[in-house]
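Report on the structure
Here's the letter readout for the chains.
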Amino acid sequence: MKEHCFTLILTRDPSDDESDQMYGKFDDGTIATIAGVPQISFHRIADSLESAIRSALRDVQSFDLTVARVEIEPESVLQAS
């Protein structure tokens, strides 16, 4: 297993309660709003980048949050194999 780094861009800021609940569900993501853009940066351990992203999406969507897009640094994609 390998650590994969990526960011989920959200369509809205999670409430304080949602944020607290999310931190109770996962400890490998950091919730932030940067330049008005709500996001969660993940450092998730998984067999593949795809499975890391899919599991993070499931975790975030379980709180009725919508993910607008996933951002991945180019070097993360190159090292994902």
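Just above sits the structure.
The numbering scheme is per chain: residues are counted from 1 as the chain's sequence reads. At least 70 in pLDDT is required for a residue's local features to be given in this predicted model, at least 80 for side-chain atom pairs to be given and counted, and no such filter applies to totals for whole chains, interfaces and linings, which use all residues. Neither water nor hydrogens contribute to the side-chain values; these are computed over all heavy atoms in the structure.

A few points about the pattern of salt bridges
Heads up, the condition is: Any Lys or Arg side-chain nitrogen found within 4 Å of a carboxyl oxygen on Asp or Glu counts as a salt bridge. Any residue under 20% of the maximum accessible area for its type is buried, any over 50% is exposed, and the rest in between are partly exposed; the area is computed with a 1.4 Å probe on protein chains only. Strands here mean DSSP runs of E at least two residues long; helices mean DSSP runs of H or I at least four residues long; both are numbered from the N terminus.
Across all of its chains, the model carries 5 salt bridges by this definition. Among the salt bridges present, the one from Glu 18 reaches Arg 12, with a minimum N-O distance of 2.9 Å. The class for Glu 18 is buried, based on a relative accessible area of 16%. Asp 28 is the salt-bridge partner of Arg 44, the closest N and O atoms lying 2.6 Å from each other. Placement of Arg 44 in strand E3 (residues 37–46) and of Asp 28 in the loop between helix H1 (16–25) and strand E2 (29–34) is noted, with a sequence separation of 16 residues between them.

Points about the side chain of His 4
Short version of the rule: Polar contact criterion, stated in full: a pair of N or O atoms within 3.5 Å, where within protein one must be able to donate a hydrogen and the other to accept it, and residues adjacent in sequence count only if both atoms are side-chain atoms. Here, residues are in contact when the closest pair of their heavy atoms is within 4.5 Å.
Looking at where His 4 falls in the secondary structure, it is placed in strand E1 (residues 2–10). We classify His 4 as buried; its relative accessible area is 3%. There is a polar contact of 3.4 Å between the side chain of His 4 and the backbone oxygen of Lys 2. For His 4, the residues in contact, after removing those within four places along its chain, are Phe 42, His 43, Arg 44, Ala 46, Asp 47, Ser 48, Leu 49 and Ala 52.

Some points on the environment of Thr 66
Among the secondary structure elements, Thr 66 is positioned in the loop between helix H2 (49–61) and strand E4 (67–71). Of the residues examined, Thr 66 reaches a relative accessible area of 46% and is grouped as partly exposed. In this structure, the C-alpha to C-alpha distance between Thr 66 and Asp 13, residues 53 residues apart in sequence, is 10 Å. Dropping the residues within four chain positions of it, Thr 66 is found in contact with Ile 9, Leu 10 and Thr 11.

A look at the side chain of Arg 44
A relative accessible area of 8% places Arg 44 in the buried class. Side chain to side chain, Arg 44 and Asp 28 meet in a polar contact 2.6 Å long. Within the local environment of Arg 44, its side chain forms a polar contact with the side chain of Ser 55, the two groups lying 2.9 Å apart. Residues contacting Arg 44, with those up to four places away along its chain left out, are Lys 2, Glu 3, His 4, Phe 6, Phe 26, Asp 28, Ala 52, Ser 55, Ala 56 and Asp 59.

A word on the packing of aromatic side chains
Keep this limit in mind: Pairing of aromatic rings covers Phe, Tyr and Trp, the last through its six-membered ring, and needs centres within 6.5 Å; plane angles under 30 degrees mean stacked, over 60 mean edge-to-face, and all others mean tilted.
Under the defined criterion, the tally for this structure stands at 2 aromatic pairs. Among the aromatic side chains, those forming a connected cluster through ring pairs are Phe 6, Phe 26 and Phe 42.

Here we look at unusual backbone geometry
Phi at Ala 35 is positive, roughly 55°, even though this residue is not glycine. Its location among the elements puts Ala 35 in the loop between E2 and E3. Within the chain, Asp 64 stands out as a residue other than glycine whose phi angle is a positive 60°. Tracing the backbone through its elements, the reader meets Asp 64 in the loop between H2 and E4.

Any functional reading would require information beyond the geometric quantities listed.
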